[in-house]
Amino acid sequence: MLCDRAKNYLIKNMKLSAKVAVITGGGSGIGRAAAILMAKEGAKVAIINRTVEAGEETVRQLVDEGGCGLAIAADVADSQQMQQAFQTIFDEYQRIDIVLANAGINGVWSPIEEIEPEEWDRTINTNLRGTFLTVKYAVPYLKKQGGSIVITSSINGTRSFRKIGATAYASSKAAQVALAKMLALELAPSQIRVNVICPGGVLTAIEESTTKRHLDRIPVAPDAIQDMIPLTDNTAGSTEEVAQLVLFLVSDASSFITGTEVWIDGGGSLI
Ligand code: NAP
């Protein structure tokens, strides 16, 4: 049992105490790990996820760790659902300080002639429009006191272009960086920081959202282009490692950092 003085000391030294954090795609992978870590650091955490059961499971896990959270079902690409989601979170917690725009899919990876326009739209709508809507509906609340936005992009489209066929995905991830830099300037006077994380090679369920079609028809044989992670002798990174980066970027430890990407990939995208 912790005595009251020790408990007070721990709460005082939590990096996010009294903050409210919203995480899209928090029902799995990077979003779930970030949610649990932010809750351990004292934030109240709201998860926005398409599948509500997955979001509720994250909340169950962070409550088990002593945290506090709320799960909301919404499709990040749906304007009305997102506006309503932020209203619900604000009504519940009376503030929003932190946003991790993280929900994303790999979508269809295929030769350009075979990517259907609807398939292109689905990837762009989830990854880019979803990020736009997340930030758009968060900003009025963030402006009340300032805050921090982190956008989950990727090494693909920002520093690595070897996932041939992942054209829509890489384009969406590149555009997220431009969006972040534009908003870092626009929102700086409101004391809102906007940064981007660019992971590569992290073990999650993202492969389940990938459809690979006829990649063997692309003359630059994709299988010949191996993913390498020099720092770990090709062992994938963990979601907890990415969560530590998110924590740094949403906490006061990074108070002078805005408008920048941080690659987190064991050096893989340098090859
Ligand atoms: P993940 O485990 O598949 O998590 C993605 C989450 O996003 C899921 O909970 C999913 O919920 C949610 N989601 C997808 N579409 C949604 C929508 N339209 N509305 C609301 N929620 C939605 O994958 P992850 O690897 O953690 O991916 C998180 C982010 O990291 C993505 O933006 C991804 O591009 C990026 N990333 C990952 C890696 C990697 O190596 N894993 C590398 C670079 C970038 P449902 O299951 O309900 O759809």
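Sequence order as written defines the numbering, with residues in each chain counted from 1. Local features in a predicted model are, by the rule used here, given only for residues with pLDDT of at least 70; side-chain atom pairs are given and counted only at 80 or more, and totals for whole chains, interfaces and linings are based on all residues. Only hydrogens and water are removed before side-chain values are computed, so all heavy atoms of the structure are retained for them.

Trainee: So what exactly am I meant to see when it comes to the packing of aromatic side chains here?
Mentor: Aromatic ring pairs are described here by two measures, namely the spacing of the ring centres and the angle between the planes. Stacked, tilted and edge-to-face pairs are distinguished by plane angle, under 30 degrees for stacked and over 60 for edge-to-face with tilted covering the rest, among Phe, Tyr and Trp rings (Trp via its six-membered ring) whose centres lie within 6.5 Å. All told, the structure shown has two aromatic pairs when counted by the stated rule. Ring geometry for Phe 90 against Tyr 141: centres 4.8 Å apart, planes inclined by 25°, an arrangement best described as stacked. On the criterion of sequence distance, the pair formed by Phe 90 in helix α4 (residues 79–93) and Tyr 141 in helix α5 (residues 117–142) is long-range, its members being 51 residues apart. Comparing Phe 90 with Tyr 141 shows no difference in burial state: the two are buried. Seen in terms of ring centroids, Trp 109 and Tyr 169 are 6.4 Å apart; in terms of plane orientation they differ by 40°. Their pairing is tilted. Taken together, the residues span a long stretch of sequence, with Trp 109 in strand β5 (residues 107–109) and Tyr 169 in helix α6 (residues 167–187) at a distance of 60 residues. Both residues of the pair, Trp 109 and Tyr 169, count as buried. Numbered from the N terminus, helices here are DSSP runs of H or I no shorter than four residues, and strands are runs of E no shorter than two. Classification of residues uses two cut-offs on accessible area relative to the type maximum, computed with a 1.4 Å probe and protein chains only: under 20% is buried, over 50% is exposed, and between them is partly exposed.

Trainee: I keep staring at the nonpolar core and nothing clicks. Help me out?
Mentor: As a rule of thumb, soluble globular proteins bury nonpolar side chains together. Grouped together as the largest cluster of nonpolar side chains are 37 residues, with contacts concentrated most on Phe 86, Ile 89, Ile 96 and Ile 149. When residues of this core are assigned to their parent elements, the largest contribution, seven residues, is made by α5. One finds Ala 35, Met 38, Ile 98 and Val 250 within the second-largest nonpolar core, a separate group that totals 28 residues. In this text, buried Ala, Val, Leu, Ile, Met, Phe, Trp, Tyr and Cys residues form a nonpolar core when linked through side-chain atoms within 4.5 Å.

Trainee: Where do I start with the environment of Glu 114 in this structure?
Mentor: For Glu 114, the position within the fold is in the loop between β5 and α5. Considered as a pair, Glu 114 and Leu 37 are 77 residues apart in the sequence and their alpha carbons are 41 Å apart. Note on contacts: a residue pair qualifies if any of its non-hydrogen atoms lie within 4.5 Å across the two residues. Excluding residues that lie within four positions of it along the chain, Glu 114 makes contacts with Glu 119, Arg 213, His 214 and Arg 217. In this structure the side chain of Glu 114 is engaged in a polar contact, spanning 2.6 Å, whose partner is the side chain of His 214. Here a polar contact means two N or O atoms within 3.5 Å. Within protein one must be a hydrogen donor candidate and the other an acceptor candidate, and residues neighboring in sequence count only if both atoms are side-chain atoms.

Trainee: Hey, could you run me through the pattern of salt bridges in this one?
Mentor: Should a side-chain nitrogen of Lys or Arg be within 4 Å of a carboxyl oxygen of Asp or Glu, the pair is scored as a salt bridge. The full count for this structure, using the stated rule, is 10 salt bridges. When the shortest N-O distance is used, the salt bridge between Lys 163 and Asp 227 registers 2.5 Å. Of this pair, Lys 163 sits in the loop between β6 (147–152) and α6 while Asp 227 sits in the loop between β8 (210–212) and α7 (239–250), and the two are 64 residues apart along the sequence. By relative accessible area, Lys 163 is classed as partly exposed at 28%. Note that Glu 207 and Lys 212 form a salt bridge whose closest N and O atoms lie 3.8 Å from each other. Overall, the relative accessible area of 47% leaves Glu 207 in the partly exposed class. What you see here is one network of salt bridges that share partners, running through Glu 57, Arg 60 and Asp 64.

Trainee: I'm lost on the site of the ligand in this one. Help?
Mentor: Contacts to the ligand come from 27 residues, most closely from Ser 28, Arg 50, Thr 51, Tyr 169 and Thr 204. Contact distances for the ligand include 2.5 Å between an oxygen atom and a side-chain N or O atom of Ser 28. The cutoff for a nearby residue is simple: one of its non-hydrogen atoms must lie within 4 Å of the molecule or strand.

Trainee: Help me understand the packing of helix α2 (residues 29–40) against helix α3 (residues 52–64) in this model?
Mentor: For any two helices packed against each other, the geometry is given by the interaxial angle and the distance between the axes. The angle between two axes is taken between their N-to-C directions and runs from 0 to 180 degrees, where each axis is a line fitted to C-alpha atoms and a helix contributes only its stretch in contact. Taken N-terminus to C-terminus, the directions of α2 and α3 make an angle of 30°; their axes are 9 Å apart at the nearest point. In terms of orientation, α2 and α3 fall into the roughly parallel class. Two packed elements cross with a definite hand, and for α2 against α3 that hand is right-handed. Packed against α2, whose contacting residues are Arg 32, Ala 35, Ile 36 and Ala 39, the element α3 presents Ala 54, Glu 57, Thr 58, Gln 61 and Leu 62 at the interface. Comment on the angle field: the value is read as roughly parallel under 35 degrees, roughly antiparallel over 145, roughly perpendicular from 65 to 115, and oblique elsewhere. We call a crossing left-handed when the near helix sits turned anticlockwise from the far one by less than a right angle, and right-handed when that turn is clockwise.

Trainee: Honestly, α4 in this entry has me stumped. Any pointers?
Mentor: Structural remark: α-helix, 3.6 residues per turn; residues separated by three or four positions point the same way. Multiply 1.5 Å by the residue count of a helix minus one, and that product is the helix's expected span. In a regular helix each residue adds 1.5 Å, so 15 residues correspond to 21 Å; α4 covers 21 Å between its end C-alpha atoms and thus fits that length. Taken together, the buried positions of α4 are Met 82, Ala 85, Phe 86, Ile 89, Phe 90 and Tyr 93. The buried residues of α4 occupy an angular sector of 130° when the element is viewed end-on, so they sit on one face. Of the surrounding secondary structure, the elements contacted by the buried residues of α4 are β1 (20–24), β2 (44–49), β3 (68–73) and α5. Sitting at the amino-terminal end of α4 is Asp 78, which places a side-chain oxygen 3.1 Å from the backbone nitrogen of Gln 80. Here the arc refers to the directions that run from the helix axis out to each C-beta atom.

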